[in-house]
Amino acid sequence: MTRDRLAAAVVYEPITIGGRVYKHRYEIQHKYNMDRNVVASNIAHGLPYEEVDGEIYINEHDLHRYFSGEIGDKE
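Residues numbered from 1 in each chain as written. Predicted model: local features only at pLDDT ≥ 70, side-chain atom pairs only at ≥ 80, totals over all residues. Heavy atoms only, no water.

Q: Go over helix α3 (residues 36–44), please, and point to the residues and values.
A: Within α3, the full set of buried residues consists of Val39, Asn42 and Ile43. On an axial view of α3, the arc spanned by its buried residues comes to 100°, and they lie on one face. Those residues of α3 that are exposed and angled more than 90 degrees off the buried face are Asn37 and Ala44. In this structure, the buried side of α3 is in contact with α2 (25–31), β4 (55–58) and α4 (60–67). At the N-terminal boundary of α3, the capping side chain belongs to Asp35, with an oxygen 2.9 Å from the backbone nitrogen of Asn37. Taken from the residues just after α3, Gly46 is the one with a positive phi, measuring 110°. (Buried < 20%, exposed > 50% of the residue type's maximum accessible area, 1.4 Å probe, protein only. Helix = DSSP H or I, 4+ residues; strand = E, 2+ residues; numbered from the N terminus. Arc of directions from axis to C-beta. Contact = heavy atoms within 4.5 Å. Polar contact = N/O pair within 3.5 Å; in protein donor to acceptor, adjacent residues only side chain to side chain.)

As structure tokens, then:
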């Protein structure tokens, strides 16, 4: 079993920051069938995220806005 699959088996509760709900990157990766390199690349190109205790959390609304081109790199 890959490291991502093992990590995805761990349950991470969503967190709320500033009234916005963020889901752990493993949940986002699994739900949208992305691997860790895709998530890292998206973050490097402007996908907003929050880091809590060394873990990355992403707001799904921001994810949709990023993929629709509303936010992030325009290149």
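Q: Lay out the pairing of β4 with the relevant residues and their values.
A: Of the strand pairs in this sheet, strand β2 (residues 20–24) and β4 are connected by 2 bridges, and their pairing is antiparallel. Opposite Lys23, over in β4, you have Ile58 as the bridge partner. Sheet topology note: the strand β3 (residues 50–52)/β4 ladder contains 3 bridges and is antiparallel. Across the sheet, residue Glu50 finds its bridge partner in β4, namely Tyr57. Remark: 2 residues form the turn of the hairpin made by β3 and β4, two consecutive strands paired antiparallel; Asp53 in that turn has positive phi of roughly 50°. (Pairing = 2+ DSSP bridges.)

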